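Descriptive structure summary
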Amino acid sequence: MLIAKEVTREYRSGDQQLAVLRDVSFTIPDGAFVAIVGPSGSGKTTLLGLLAGLDTPTRGSVILDGHDLTTMNENQRARLRGEKVGFVFQSFQLIPTLTARENIQVPLELQGADGAAARADELLDRVGLKARGHHFPSQLSGGEQQRVAIARAFANNPRILFADEPTGNLDAVTGSRVFELLESLNRESGSTIILVTHDATLAQRASRTIRLADGNVVGDSGAVAG
Amino acid sequence: MTSPSGVSSSGRASLRQLAGLTWRESRSARRRLLLYMSAISLGVAALVAIDSFADNVTRSVREQSRALLGGDISFSSNRPYSPGQKAFLDTLATRNKASYAHVVTFPSMALVPRTGNTRLTQVRAVSSNYPFYGEITTSPAGKWASLKTNAVALVDPSLLVALNARIGDTLTLGLGKFEIAATLKDVPGTAGVAEIIGPRIFIPERYVPETQLLVFGSTADYGTLAKFPAGANPDKIIGPERPKLEKMQLRARTVTQSEENTTDAIKQLSQFIGIVGLVALLLGGVGVASGVRAFVSRKIDTVAILRCIGASSGQVLAMYVAQAAAMGLLGSIAGAALGVAVQFGLPSVFGDFLPVDVSVTLEPAAIFTGIAIGTWIALIFSLRPLLALRNVSPLQTLRRDADSEILRMRWNDVPRVMVDVALALSVVGIALLRAGTVRQGLAISGATFLVIGILSLSAILLSWVSRKALRDGWPYVVRQGVANLYRPANQTRSVILSLGFGAFLITTLVLVQSNLLKQFNIKIDQSNANLVFFDIQEDQFLPVDSLVKSRGRVLQTAPVVTMRVAAINDRTVEQIIGDAREKITADSLARAKRGEKPLTRQESRDRQRNQARGPAGRQPAGRPGWALRREFRSTYRDKLTPTEKITSGKWFGTAPMKGDTGEVSLEKDVAEELHVKLGDVITWDVQGIQIPSRVTSMREVTWERFEPNFFAVFSPPSLRDAPKQFVLLADVPGTQTVAALQRDIVKRFPNVSSLDLSLVKQTVAKILKKVSTAIRFMALFSLAMGIPVLFSAVAATRRDRIREGVLLKTLGATRGQIMKILLAEYALLGLLGSLTGMVLAIGGGWAITHFVFENEFSPALLAALAIAGGMLALTITIGLLAGRDVFRETPMSALRES
């Protein structure tokens, strides 16, 4: 379960306080597939950062799987992310100095898990890149890099997966395949997926859509009253 | 915890896992990081080479110390032994079952009648059992034993060349005739250069009377070597006898003392060179810091990802600190390996100056110390930029800020302040560890901080001035280049700091070197004399004088009277020294009462020496009351020579003597050592006769010129009747005439020695050349050090420059325009950095020349400007190399990267 309670995020710009998000509240149950949509500058990425504990709100709170992120320090949040959260980014964000297999191993190793290499091989197989495990990110195509990133996101069986424009850097066909992979992995693992996109087609495949405009929630297809 | 996939997790990465991740993550960065760390390699190399060499020398001295001295104790006096001295040695021998060997050392002209050539030599007349320890080897071998039976001479090979002689020739010393039986191969205890100044000749002691050279007042050193039965402790035997020895003016040196004297000199030399190494190491540290800053910028994205997927800031920091430490260790090991290689070459450079054969062995202590200091410097200097990685937010994966924005640290960030303090303490600590004294250590670290401070200030000033001075009317490329100096993420400070520090170091070395060498050369060249005669007896003076005048000019003659100080202001020398001793005993009692530590042997020796000589005493090698006990060779005249200047009091000139007390003018340093001021009366013992004299003036003397100079110059009436010898300084044209004149004088007056000053000048020039080569090597070494440092400094912002350049190129900038932008920026940086370094170096050079060498400073501006020009060119070259990379990258690659 992911709960946002009156989340506000302000930034200081010179003498002015700029509110990028204002009093955003919603609850996302386990296993849901939620798309956050809205035009550029509406606050989507800021909201994603706050929900994933990459940043903290100016006011309000975020509760991830029973943990209030706003009461935790950065290192505690990092640990929680390592245990419960996975990420897929628009620009893949693979570590360029590590091979595909090693990139997948990282979250497991940071958790002190045993059998990281075997798990990485299993995931590489699952995303169809079994033969490419020893390649570095620069030796892979965009679609392949994103598949490695997805494998890495699922490595520690996250309770919740955040995806920021995961197909934004890919052509339509590749993007669609990558998204299908994301969906099927989600089905298998039962994780919650929070997808940030302004691709309407992609958003339609989600079970619920939260629409942002100018820092406010202007629509929520699955809002629960109260 | 067990996850659904069957992967079990402890929730925290084990050390092994983190180490594995660190190792894999460092994959592409290792070479780059090692390159940055190589900035410290040369510094480590210097430390290891110098320390190892010093250890080698100390070890060799210890191993060969008995051979160096030749016996367990060496006694010496510059007069034939008195009955009292003889009785003392006899009692000592009976009591301790000691046996004695003798060696009398004196200068003499050597003549080979077959070729007619002459040369001033050092004669060593030895008893048949000399030396007790160590072996003197000859060529042909085994000829040392021939000294026991025949009137033979064993000579330095250089003497054969100088005299155009060969083995088997007859050699005359005074009236004695000797057969040259062999040349000397190895004589323990003398440095190679000693041979050039005065070649050695060993003859049997019993033939000395035949030479008739040792007459009353001749310069000679009468030495006795003592050998004790195995197990005896020479220091313990001689310790209680010291006061007696001092009183009867018999010097005694034990193996331990001679060891200390030799190793002290080596330690001082290695300390001086070690300081250059230390500064080079700190410069390397600055380079490491710049390099690591560049490294850190490249790692922002990776750190953001790691943070995003669960790494704590501590884990991230640990990973990169481990990488930096490992590479620092590798850089230091590489430096140590280089240092060891250099160490093997050092004996061939310094061997001539050392009294022992240095056996080069690996010195683990020196190697490990070098590696430890190097790794620590690399680590502490990289820690500061690495700390910034803690601030990399995982949010950077979603939205990337500028590098400088992300890496900015607050001034009051506690870990940063702690690292700064640790850095400062490390500099001070290592300086203290390396320097000879606390004062020196503090001075070095203080100067380092001052230089860094001034360079940082000038960098800030440059940024400020360029911001204020920038005008819209300037061409675009110039505006862009100048703006680079103050824009965010500018490299002004790091480049100015490393460039300025490098320029400062190199220029200071060169300035000090040229200053010292120049002064030497001026002083030597000022002297016209090319021949000096000494030990001329009173009755020989007129005939020698006229013989010289028949071939050339007599420039100066001086009578020489040997004497000792008997009393100062009616207090005898014994009383004065006794007072100083009492004061020291009282001091140590007071220290004990106050619960302070007793002084070390060295400290109390220094104190004793200073107190016996007065507060401003310098510290040449010697025992308490060195100046009080020494033999003075004084003169009398009514005119000053060009090498002298009155600093206080009034020159006596031709003033007649008032009463029984004559007048004397003292050299100002010896007056300080004697603790004597104007108006004091010194009573001199001139061969048994007490002669009082009042100090009426002090003189400053330029000793470096080859002219007879004296500590004490008397008014003629005070000393005219004393027994004396003469020194004569001449200018004789042509080497053939010089040789002929020397030959004629030796034939008629065998006891008169002469020295061809052109030979001495050549020798000094040779030594100076060696010294200046060594200094030039160090300057080059520092320059070599500066290049990787400067590269690191520029590397820190290279990526930004390339990215900007590629963007400009995409927007239509030509290669020429981009090059001009870079040229404007780097030319300004280079100009300010090298000029600030130069100005600081002039200050540093002055301070070293003034305080350390106590000399006048005149900066070699041309050399300094040349170095500044070189550094400027280097900076521009390195800057433009970055520009070349702009044209290697395609616009797409840069845009994709950003």
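Residues numbered from 1 in each chain as written. Chains lettered and ligands numbered in written order. Predicted model: local features only at pLDDT ≥ 70, side-chain atom pairs only at ≥ 80, totals over all residues.

Along its length, chain B carries 28 helices and 21 strands. Taking all 898 residues of chain B together, the buried fraction comes to 42%. A sequence separation of at least 24 residues applies to 84% of the contacts in chain B between residues at least 6 apart. (Helix = DSSP H or I, 4+ residues; strand = E, 2+ residues; numbered from the N terminus. Buried ≥ 20, exposed ≤ 12 C-beta atoms within 10 Å, placed from the backbone. Contact = placed C-beta atoms within 7 Å.)

Moving on: the overall build of chain A. Of regular secondary structure, chain A possesses 7 helices and 10 strands. Counting the 226 residues in chain A, one finds 50% classified as buried.

Residues and elements named next belong to chain A. With 5 of 5 residues buried, strand β8 (residues 192-196) lies mostly within the body of the structure. The alternating pattern of β8 places Thr-192, Ile-194 and Val-196 on one face and Ile-193 and Leu-195 on the opposite face, and all of these are buried. Across 4 bridges, the pairing between strand β3 (residues 33-37) and β8 is parallel. Bridge pairing in β8 links Ala-35 to Leu-195. The pairing of strand β7 (residues 160-164) with β8 spans 5 bridges and is parallel. (Pairing = 2+ DSSP bridges.)

Attention shifts here to the sheet that holds strand β4 (residues 59-64) of chain A. All names here are of chain A. Taking strand neighbours across the sheet as the criterion, the 4 strands line up as β2-β1-β4-β5 in an open arrangement whose pairing is antiparallel. Each edge of the sheet is formed by a strand with only one pairing partner; in this case those strands are β2 (16-28) and β5 (67-68). With 5 bridges connecting them, strand β1 (residues 2-13) and β4 associate as antiparallel partners. Residue pairing for β4: Thr-8 is matched across the bridge by Arg-59.

With that out of the way, let us pick up unusual backbone geometry. All names here are of chain B. Backbone torsion omega between Tyr-130 and Pro-131 reads -15 degrees, so that peptide bond is classified as cis. Structurally, Pro-131 can be placed in the loop between β3 (117-126) and β4 (137-139). With an omega of -5 degrees, the peptide bond running from Ser-139 to Pro-140 counts as cis. Considering the arrangement of structural elements, one finds Pro-140 in the loop between β4 and β5 (152-155). Notably, His-675 is not glycine yet its phi reads approximately 60 degrees, a positive angle. Residue placement: His-675 occurs in the loop between α22 (668-674) and β17 (681-686).

It is worth spelling out the sheet that holds β7(A) at this point. All names here are of chain A. On the basis of which strands lie adjacent, the open sheet formed by 6 strands has the order β6-β7-β8-β3-β9-β10 and mixed pairing. Single-partner strands in this sheet number two, and they are β6 (85-88) and β10 (216-220). For this sheet, the mean inter-axis angle between neighbouring strands, taken without regard to orientation, is 20 degrees. Sheet strands in contact with helix α5 (residues 142-154) are β6 and β7, and its direction is about 170 degrees off that of β6. (Axes fitted to C-alpha atoms, helices over the stretch in contact; angles between N-to-C directions.)

Looking now at the packing of helix α16 (residues 476-483) of chain B against helix α26 (residues 815-852) of chain B. Residue and element names in this part refer to chain B. Running from amino to carboxyl end, α16 crosses α26 at an angle of 45 degrees, the nearest separation of the two axes being 8 Å. Relative to α26, α16 is oriented oblique. α26 is crossed by α16, and the crossing has right-handed handedness. Residue-level contacts link Val-477, Val-478, Gln-480, Gly-481 and Val-482 of α16 to Gln-817, Lys-820, Ile-821, Leu-822, Leu-823, Ala-824, Glu-825 and Leu-828 of α26. Looking at the contact of α16 with α26 residue by residue, the classes come out as 8 nonpolar, 3 polar and 2 charged. (Parallel < 35°, antiparallel > 145°, perpendicular 65-115°, else oblique. Left-handed = near helix turned anticlockwise from the far one by under 90°. Nonpolar A, V, L, I, M, F, W, Y, C, P; charged D, E, K, R; others polar.)

This part takes up α5(A). Residues and elements named next belong to chain A. Its 13 residues place the ends of α5 19 Å apart at the C-alpha level, agreeing with the 18 Å of an ideal helix rising 1.5 Å per residue. α5 sits mainly inside the fold: 11 of its 13 residues count as buried. Where α5 is concerned, the buried positions are Glu-144, Gln-145, Gln-146, Arg-147, Val-148, Ala-149, Ile-150, Ala-151, Arg-152, Ala-153 and Phe-154. (Expected span 1.5 Å × (residues − 1).)

Next up on the list: the nonpolar core. Core analysis: the largest hydrophobic core is formed by 189 residues, its most contacted members being Ile36(A), Leu51(A), Ile150(A), Phe162(A) and Ile194(A). Take this core: its biggest share by element is 21 residues, from helix α10 (residues 255-308) of chain B. In this view, Phe162(A) contacts Leu48(A), Leu51(A), Ala52(A), Val85(A), Phe87(A) and Ile194(A); residues no more than four positions away in its chain are not counted. (Core = buried A, V, L, I, M, F, W, Y, C linked by C-beta atoms within 7 Å.)

Facing the 32 residues of chain A at the interface are 34 residues of chain B. Those elements that provide at least two residues to the side of chain A that touches chain B are α1 (44-51), α2 (74-84) and α3 (100-110) of chain A. In terms of residue class, the side of chain A that touches chain B is built from 12 nonpolar, 11 polar and 9 charged.

A few words on the pairing of strand β12 (residues 553-568) of chain B. All names here are of chain B. Bridge analysis of β12 against strand β20 (residues 725-731) gives 7 bridges, and the strand direction is antiparallel. Within the sheet, the bridge partner assigned to Ala-558 lies in β20 and is Val-727. Note: β12 against strand β14 (residues 631-636), 4 bridges, orientation antiparallel. The residue bridging Met-563 from the neighbouring strand is Phe-632, located in β14.

This part is about helix α15 (residues 438-469) of chain B. A rise of 1.5 Å per residue sets the reference length of α15(B), with its 32 residues, at 46 Å; its end C-alpha atoms lie 46 Å apart and thus fit the reference within 8%. Buried within α15(B) we find Gly441(B), Ile444(B), Ser445(B), Thr448(B), Val451(B), Leu455(B), Ser458(B), Ala459(B), Leu462(B) and Ser466(B).

This part covers the environment of Ala162(B). Residue and element names in this part refer to chain B. Counting through the fold element by element, Ala-162 comes out in helix α5 (residues 157-163). The exposure class assigned to Ala-162 is buried, which follows from the 20 C-beta atoms found within 10 Å. Sequence separation between Ala-162 and Asn-117 is 45 residues, and the spatial gap between their C-alpha atoms is 7.7 Å. Aside from chain neighbours lying at most four places away, what touches Ala-162 is Asn-117, Arg-119 and Pro-199.

Another aspect to go through is the packing of α15(B) against α26(B). Residue and element names in this part refer to chain B. The contact between α15 and α26 brings their axes to 11 Å, and the two run at 145 degrees. The element α15 and its partner α26 pack so that their crossing is right-handed. Contacts between α15 and α26 involve Ala-447, Val-451, Ile-454, Leu-455, Ser-458 and Leu-462 from the former and Leu-832, Thr-836, Leu-840 and Gly-844 from the latter. Classifying every residue of the contact of α15 with α26 by side-chain character gives 7 nonpolar, 3 polar and no charged.

Moving on to the environment of Val512(B). Residue and element names in this part refer to chain B. Of note, Val-512 is situated in helix α17 (residues 492-526). When the C-alpha atoms of Val-512 and Pro-859 are compared, they prove to be 8.3 Å apart, with 347 residues separating the residues in sequence. Every residue in contact with Val-512, bar those within four places of it in the chain, is listed here: Gly-845, Ile-848 and Thr-849.

Turning our eyes to something else, we now look at the environment of Pro656(B). Mapped onto the fold, Pro656(B) is located in the loop between β15 (644-649) and β16 (662-667). On a C-alpha basis, the gap between Pro656(B) and Ser715(B) in space is 8.4 Å, while along the polypeptide they are 59 residues apart.

All names here are of chain B. Residues at a pLDDT of 70 or more form 84% of chain B, whose mean pLDDT is 79. Segment residues 1-6 is flagged for pLDDT under 50; beyond a separation of four residues in sequence, or across chains, it makes 10 contacts in the model. Here residues 599-624 scores under 50 on pLDDT; set against residues more than four positions off or in separate chains, the count is 41 contacts. Interface predicted TM-score (ipTM) for the complex: 0.77; the corresponding pTM is 0.67. (pLDDT = per-residue confidence, 0-100.)

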